[in-house]
Amino acid sequence: MIDTTPWLDALHQAARVRSDAAGLPTRRDEAWKYTDIGALGVASFPLAGRPQGSLPTVAPLTTDALQLLLVNGSLQVLPGAELPAGVVIGRLDGKASAELVEAHLGKVIPAEAKSLAALNSGLFDDGVLVRVGAGVTLERPIEIVSVGQAGGDPLAFHPRCLLVIEDGGAATLVERHQGSGRYFSNSVLEIALGAGASLRHYTLQDESPEAVHVATTGIELAAGSRYAGMLVQTGSRLSRHETHAALAGDGASFELDGAYVGAGKQHLDNTTFVTHTAPGGKSRQLFKGVLDDQSHGVFQGTVRVERAAQKTDAHQLSKTLLLSEQAEMDGKPELEIYADDVKCGHGCTVGDIDETALFYLRARGIDAETARQLLIEAFLGDVLEKIAAEPVRTAFAAVVGECLKGAHATRRTNDHHQG
Amino acid sequence: MDGIEQVRSLTDQKYKYGFVTDIEADVAPKGLNEDIIRLISAKKGEPEWLLEWRLRAYKVWLEQTEPNWGKLHYPPIDYQDAYYYSAPKRKDGPKSLADIDPKLLETYEKLGVPLHERAALAGVAVDAVFDSVSVATTYKGKLEELGIIFTSFSEAVKTHPELIRKYLGSVVPYSDNYFATLNSAVFTDGSFVYVPPGVRCPMELSTYFRMNAEKTGQFERTLIVADKGAYVSYLEGCTAPMRDENQLHAAVVELVALDEAEIKYSTVQNWYPGDEQGRGGIYNFVTKRGACRGRASRISWTQVETGSAITWKYPSCILQGDDSVGEFYSVAITNNFQQADTGTKMIHIGRNTRSNIISKGVSAGHADNTYRGLVKVLPKAQGARNRTQCDSLLIGNTCGAHTVPYIESRNSSARIEHEATTSKISEEQLFYARQRGLSEEEAVTLIVNGFCRDVLQHLPMEFAVEAQKLVALSLEGSVG
């Protein structure tokens, strides 16, 4: 345990009491209806200690990135470069920028009973603090890499990050999760955007195939702030990525897109809660998934518009391709509307590749396999091309491409066996 | 805004059908226990197996808990503080319409269901349920010629026990859910329809029933079986007298469609919704489910829900037969303090099964209107298709509209499409209509009628007029 301050200890203690009493959520809890978080025995994984031996090196996705490296939840490498005035990137120990941390930590995502965020609040041992001061635009992207390293025995860790962008500030955050072996990563990222602040946020979940990944991201948007996020999930054995966004200031804008590729026995869950509490907010969500083999996809998206949030414009769309007989998709888009002058909608589709499009390509001399591949790539490409930063887009697309190739290969083998 | 004023003045319109008929009721003591169930069964002269079935349900019910997942808020229901049996008093069974208590006939007159006229004019056979016992069945003769059985449930138990025994609880088991289980234990009457193979029922079958005696929960049981290649269209419409205390209503409807059979079930629900302060009103907890058991069978639910303080209702289709089709068309309008949590379940089991869902919710006043639905495609439902459209309209900023769809697909060849929107009547639309000389109220009625059109057009002619009037009436009282 790193040296902390009394109030941080208190936060730990309170959260621990809450999460111990309630335990892990089960499928009887409505929000966990489709994902059995306890199924793989994570409750008994021992906490990871300080990483021993040599540190892994992870090449940054963009050459100018300010990289932070967490190994098994503990912060190992901080960027050495000199930071612009008003920018703080450091350890979340409650001492650095104490007032700021105290004002936001555990506030964006309160440690509610029976939540994985409460478990994190009770157990996180180390973390990252990023602050971008008022009016500062941080040109270089911040890249937070969480690496899980499990040897023979499984282990659990709970990375924690707090990112505060003050009024009028702007930044880009790249978040990566990867690793090897069997581990349970339960991360929490809290983001507070001041008035007029903006953040681009690219997340790649490419965990070890044996990993259980839970991530809870909370975003608080003040008036006129903007959040644009991209969430790509390809890794882990079982994953649940939860995003809680609160559009609390007038005219805030929230955009979150997601792409995921499941194969084998993977279980990939994307859950979002977007709450509009102030007028004139806009939210957009587009999630696209491709599921092969016996993989299981889940999309749950709640959009809540409170009475004061007139003139809200909210839309959400989830589209899934099922490539195999055994793949499964569960969707639960949800609208909860209490204001009348709003434009809200959601859509959800599940199906196979469009036969007409396939026929069109084949009529142009493209063989069936290639045509399928093209259509699947194009299906996800729609989402991936929204990544503004070119090197990030290329890197994310490459990971997705590899996964699709893997899925493609297994299907061919299956077809072969069937044939 | 004069719009708001208009809402207020129109909302104050009183419930048109609020009157209580004074008929001496044959009432069992208050409360629920095994003896009451034995009494109900004995009063109806039921066979032993049915009594046992009821008692089994009762035992299960004692162990069950009331569901609380709906977006509904109401004070706890005291199930011991209600009467479970009441029947209009009579010496012998009525031989003809002339034998029926004239007051009862008067009630129907007020409701606009003049039995004798209706029978003659509309060609509609009416199995009228007054509280709990069927009092008149018309057009029986004509239906009998075709071999169609349309009778009260209690009579069917006596005359066609083999059919009842075969199908009762085969779609909604006696232990299905809290309210259906309660119904299984204490149901008093309802309707039974059997259409033999290849027969197309030449008229719309209709039941008008209304709750009457004070504090009598109503527990109907409806069972409709369409044998191979048969067709039947069934209409259910209800109004209830105005009353201060909440009344519990827990009906069960079971539909069975065999090979190539089709059942069309239409409901207009206009029970007392409570007053402007949310006092009183019917609690409506209904289990409706149809089994498309045969190949290429079809079940279609159409509902117009404008009444009740609480509506908890999910007419569903189990699409077992290959190529079977399930449909759900719903308009739900809530105003004042009404709460509706309604929707459907489409369970795709057979190959090439198709389902279509259109739901239109209109919420006004302090009301909450929730669409809750499930589309589930099981692994063997090769080529299944679903299309769902849920639209909500909010009128005023003190109400809520919610959409909670569950979509579960386990077959890659299945195609599921769900779409939902929430909006208010646009200023442009209103402006356009008003510019052409319509009053604001007329404009709103027109626009909302257009909003509901996709559903209303699925109602049979006999109901379309009443339904449109009802929508308009509810709108007049709720839109500005």
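What you see as residue numbers is a count from 1 along each chain, following the sequence as written. Chain letters start at A and ligand numbers start at 1, both assigned in the order the entries are written. With the structure being a predicted model, the display of local features is reserved for residues of pLDDT at least 70 and the display and counting of side-chain atom pairs for 80 or more, all residues being used for whole-chain, interface and lining totals.

Help me understand the overall build of chain A in this model?
Helix and strand counts for chain A stand at 6 helices and 20 strands. In this setup the radius of gyration rests on C-alpha atoms only. A globule is expected at 2.2 Å times the number of residues raised to 0.38. Expected size for 419 residues packed as a compact globule is a radius of gyration near 22 Å; at 21 Å, chain A falls within 12% of this value. Across its three principal directions, the C-alpha atoms of chain A cover 65 × 55 × 45 Å. Working definition of burial: number of other C-beta atoms within 10 Å of the residue's own, with buried at 20 or more, exposed at 12 or fewer, and partly exposed in between, all C-beta atoms being placed from the backbone. Here chain A, with 419 residues, has 54% of them falling under the buried criterion. A run of H or I in DSSP becomes a helix once it reaches four residues, and a run of E becomes a strand once it reaches two; helices and strands are each numbered from the N terminus.

Looking at this structure, how should I read the overall build of chain B?
Helices and strands together make up the secondary structure of chain B, namely 12 helices and 24 strands. Out of the 480 residues belonging to chain B, those deemed buried represent 56%. Throughout, a residue-residue contact means that the two C-beta atoms, derived from backbone geometry, are no farther apart than 7 Å. Considering only contacts in chain B between residues 6 or more positions apart, those separated by 24 or more positions represent 84%.

Even after reading the chapter, I still don't get the packing of helix α2 (residues 34-43) of chain B against helix α3 (residues 48-63) of chain B, so can you show me in this structure?
The packing of two helices is summarised by the inter-axis angle and the distance between the axes. Residues and elements named next belong to chain B. Comment: axis = line fitted to C-alpha atoms, over the contacting stretch for helices; angle = value between 0 and 180 degrees taken between N-to-C directions. Two numbers describe how α2 lies on α3: the axes approach to 10 Å, and their chain directions differ by 150°. Overall, the two elements α2 and α3 adopt an arrangement that is roughly antiparallel. As for the relative orientation of α2 and α3, their crossing is right-handed in sense. Residues Glu34, Ile37, Arg38 and Ser41 of α2 touch α3, and the partners they reach there are Leu50, Leu51, Arg54, Leu55 and Tyr58. The residue classification treats Ala, Val, Leu, Ile, Met, Phe, Trp, Tyr, Cys and Pro as nonpolar and Asp, Glu, Lys and Arg as charged. All others, Gly included, are polar. Here the residues of the contact of α2 with α3 sort into 5 nonpolar, 1 polar and 3 charged. Angular relationships are summarised with four words: roughly parallel below 35 degrees, roughly antiparallel beyond 145, roughly perpendicular across 65 to 115, and oblique for the angles in between. By the definition used in this description, the sense in which the near helix is turned from the far one sets the handedness, with an anticlockwise turn below a right angle giving left-handed and a clockwise turn giving right-handed.

Help me understand the interface of chain B and chain A, please; the structure alone is not making it clear to me.
The figure often quoted for interface size is the accessible area lost as the parts come together. Taken together, the contacts link 29 residues of chain B with 31 residues of chain A. Looking at the side of chain B that touches chain A, the elements that each hand over two or more residues are β22 (385-395), β23 (400-409) and β24 (415-423) of chain B. Looking at the side of chain B that touches chain A element by element, the count peaks at 10 residues for β23 of chain B. For the side of chain B that touches chain A, the residue count by class is 10 nonpolar, 13 polar and 6 charged. Pairing analysis gives 7 bridges linking strand β20 (residues 343-351) of chain A to β24 of chain B, with the strands arranged antiparallel. The residue bridging Gly347 of chain A from the neighbouring strand is Glu419 of chain B, located in β24 of chain B. Strands are treated as partners if at least two bridges between them are detected by DSSP.

Sorry if this is basic, but what is going on with helix α11 (residues 440-456) of chain B here?
Note that an α-helix has 3.6 residues per turn; residues three or four places apart therefore point the same way. All names here are of chain B. Here the expected span of a helix is defined as 1.5 Å times the quantity of residues minus one. Over its 17 residues, α11 extends 22 Å from the first C-alpha to the last, a length consistent with the 24 Å expected when each residue adds 1.5 Å. Here the bend at a residue means the angle between the axes of two seven-residue stretches, the one that ends at it and the one that starts at it. Bending of α11 peaks at approximately 35° at the position of Gly450. What α11 keeps buried is the set Ala443, Val444, Thr445, Val448, Phe451, Cys452, Val455 and Leu456.

When you look at the packing of α3 of chain B against helix α9 (residues 178-186) of chain B in this model, what are you seeing that I'm missing?
All names here are of chain B. For the pair α3 and α9, the least separation of the axes is 7 Å and the interaxial angle reads 145°. Where α3 crosses over α9, the two elements pack in a sense that is left-handed. Two secondary-structure elements touch here, α3 through Arg54, Ala57, Tyr58, Val60 and Trp61 and α9 through Thr181, Leu182, Ser184 and Ala185. Considering only residue class, the contact of α3 with α9 consists of 6 nonpolar, 2 polar and 1 charged.

Help me out: how do you make sense of the pairing of strand β16 (residues 282-291) of chain A in this one?
Residues in a regular strand project their side chains so that they alternate between the two faces of the sheet. Residues and elements named next belong to chain A. Burial of β16 is extensive: 7 of the 10 residues sit out of reach of the surface. Inspection of the sheet shows strand β14 (residues 253-262) paired to β16 by 10 bridges, in the parallel sense. Across the sheet, Glu255 pairs through a bridge with Arg284, a residue of β16. Here β16 runs beside strand β18 (residues 313-322); their pairing, made up of 10 bridges, is parallel. The partner of Phe287 across the bridge, within β18, is Ser318.

Sorry, what's going on with unusual backbone geometry here?
The phi angle of most residues is negative, glycine excepted, and most peptide bonds adopt the trans form. Despite not being glycine, Asn72 of chain A shows a phi value in the positive range, around 45°. One can find Asn72 of chain A in the loop between β1 (66-71) and β2 (74-77). Of the residues examined, Asn72 of chain A has 26 C-beta atoms within 10 Å and is grouped as buried. Unlike most non-glycine residues, Asp323 of chain B shows phi in positive territory, near 60°. With respect to the secondary-structure elements, Asp323 of chain B resides in the loop between β16 (316-319) and β17 (325-334).

Before we go on, may I ask you to explain the confidence of the model for chain A in this structure?
Low-pLDDT stretches of the model should not have their predicted coordinates read in fine detail. All names here are of chain A. For chain A, mean pLDDT is 91; residues scoring 70 or higher make up 95% of the total. Confidence scores here are pLDDT values: one per residue, from the predictor, ranging 0 to 100. Here helix α6 (residues 390-418) is the element of chain A with the lowest mean pLDDT, 74, and strand β12 (residues 226-233) is the one with the highest, 98. Note on residues 414-419: pLDDT is under 50 here. Beyond four places in sequence and across chains, it has 0 contacts.

Looking at this structure, I do not really get the environment of Glu175 of chain A. What am I missing?
Residue and element names in this part refer to chain A. As for its placement among the helices and strands, Glu175 is situated in strand β8 (residues 170-180). Separated by 180 residues in sequence, Glu175 and Glu355 have C-alpha atoms that sit 37 Å apart. Discounting residues that sit within four places of it in the chain, Glu175 has contacts with Ile144, His201 and Thr203.

Could you clarify how one ought to interpret the environment of Ile37 of chain B in this entry?
All names here are of chain B. In this structure, Ile37 sits in helix α2. Among the residues examined, Ile37 registers 19 C-beta atoms within 10 Å and is labelled partly exposed. Along the sequence, Ile37 and Leu55 sit 18 residues apart, while their C-alpha atoms lie 7.2 Å from each other.

In this structure, what is going on with the pairing of strand β13 (residues 238-247) of chain A? I would like to understand it.
All names here are of chain A. Summarising burial for β13: 10 of the 10 residues are buried, a large majority. Where burial is concerned, the two faces of β13 agree: the one with Leu238, Arg240, Glu242, His244 and Ala246 and the one with Ser239, His241, Thr243, Ala245 and Leu247 are both buried. Pairing of strand β11 (residues 212-221) with β13 involves 10 bridges; the strand directions are parallel. Considered in β13, the bridge of Glu220 is made with Ala246. Inspection of the sheet shows β13 paired to strand β15 (residues 267-276) by 10 bridges, in the parallel sense. Counted as the bridge partner of Leu238 is His267 from β15.

Would you explain the confidence of the model for chain B in this entry?
All names here are of chain B. For chain B, per-residue confidence averages 82 on the pLDDT scale, and 77% of positions sit at 70 or higher. Contacts of residues 131-136 to residues separated by more than four positions or lying in other chains number 33 contacts, the stretch itself having pLDDT below 50. Prediction confidence for the complex, expressed as pTM and ipTM, is 0.88 and 0.88 respectively.

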